[in-house]
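Structural description and commentary
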Amino acid sequence: MFAYLTAAGLSASAGLNAYIPLLVVGLFSRFTDAVRVPDAFGWLTDWWALCGMTLLLLVELVVDKVPIVDHVNDILQTVVRPAAGGMVAAATASAAELDEATGTFLATTDTWTGWIVGGGIALIVHVAKALTRTMINGGTLGFGAPVASTVEDAGSAGLSVLAVVVPILAGIALIFLAILLWRLWLARRRRRRRRTLRRAAKQQQYGAAAPPP
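Each value, and the rule that gives it
- Residues numbered from 1 in each chain as written.
- Predicted model: local features only at pLDDT ≥ 70, side-chain atom pairs only at ≥ 80, totals over all residues.
- Heavy atoms only, no water.
- Core = buried A, V, L, I, M, F, W, Y, C linked by side-chain atoms within 4.5 Å.
- Buried < 20%, exposed > 50% of the residue type's maximum accessible area, 1.4 Å probe, protein only.
- Helix = DSSP H or I, 4+ residues; strand = E, 2+ residues; numbered from the N terminus.
- Contact = heavy atoms within 4.5 Å.
- 1 Å grid on protein atoms, 1.4 Å probe; cavity = no way out; pocket = protein on both sides within 12 Å on 5 of 7 lines; lining within 4 Å.
- Points joined across faces, edges and corners; volume = space filled by probe spheres on them.
- Nonpolar A, V, L, I, M, F, W, Y, C, P; charged D, E, K, R; others polar.

It is worth spelling out the nonpolar core at this point. Inside soluble globular proteins, nonpolar side chains tend to come together where they are buried. Among the nonpolar cores identified, the biggest contains 33 residues, and L22, V25, F41, L44 and M53 are the most heavily contacted of them. When residues of this core are traced back to their parent elements, those giving at least two are α1 (2-16), α2 (19-31), α3 (47-63), α4 (69-91), α5 (111-140), α6 (145-165) and α7 (167-209). In terms of residue count, α2 provides more of this core than any other element does, six residues in total.

Dropping the structure here:
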């Protein structure tokens, strides 16, 4: 059970920021026994990989806080974030000491299932993030982008660490995240409905004000 919570938490984290969970997995695997990655993903612990992911993370931390540029970045990340989510799900040796019955996650039994499930979770979170950012930027004229991005980065880092150290708390966080995404989706639907009603009302007003032929 803990194995699946860890993998799901890391995948959701990747939907917010692709590089944070990859770095967490690589660092924890290199310096602790909390994470054990299979040999196929051993490169995540290499210094060149850790340095490369750190550089990409620094770029992401900057561009994601710039209005308009953040939308372009979200478009590009539509491939990167799900791929990262699938990778950490397939590679994670999740809480091995807490879950000896399951051992490692799907990497030892069905790697492709890990890629698909993890990528799907990351994609859902990524799409919700991109849509929410559009609403925030539109409502604040772009001034809310740095704040939203900082919150997302902090959430990604916190969820990644929780997923490795305390998987059960990561599971609880995922429940709250799912509720939040559901509420955001409902809010977006209500907003679109109000916009449609206002447009229809304006059309009726203009139609009533038009002179007879």
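With respect to the helices, strands and loops of the structure, S11 is situated in helix α1. For S11, a relative accessible area of 1% corresponds to the buried category.

Another point: the environment of L22. Of note, L22 is situated in helix α2. Sequence spacing of L22 and S160 is 138 residues, and the spatial spacing of their C-alpha atoms is 9.0 Å. With sequence-adjacent residues up to four places away left out, L22 is seen in contact with L44, M53, A84, M87 and V88.

The computed volume of the largest pocket comes to approximately 370 Å³. If you go around the largest pocket, you meet 16 residues; those closest to its centre are L16, V151, E152, L177 and L180. For the lining of the largest pocket, the secondary structure elements donating two or more residues are α5, α6 and α7. The residue inventory of the lining of the largest pocket, partitioned by class, reads 12 nonpolar, two polar and two charged. Computed from the structure, the second largest pocket encloses a volume of approximately 170 Å³. Around the second largest pocket sit I124, V127, A128, L131, T132, M135, L181, L184, W185 and R188, which together line it. Only α5 and α7 provide two or more residues apiece to the lining of the second largest pocket. A per-element tally of the lining of the second largest pocket places α5 first, with six residues.

None of this, on its own, says anything about what the molecule does.
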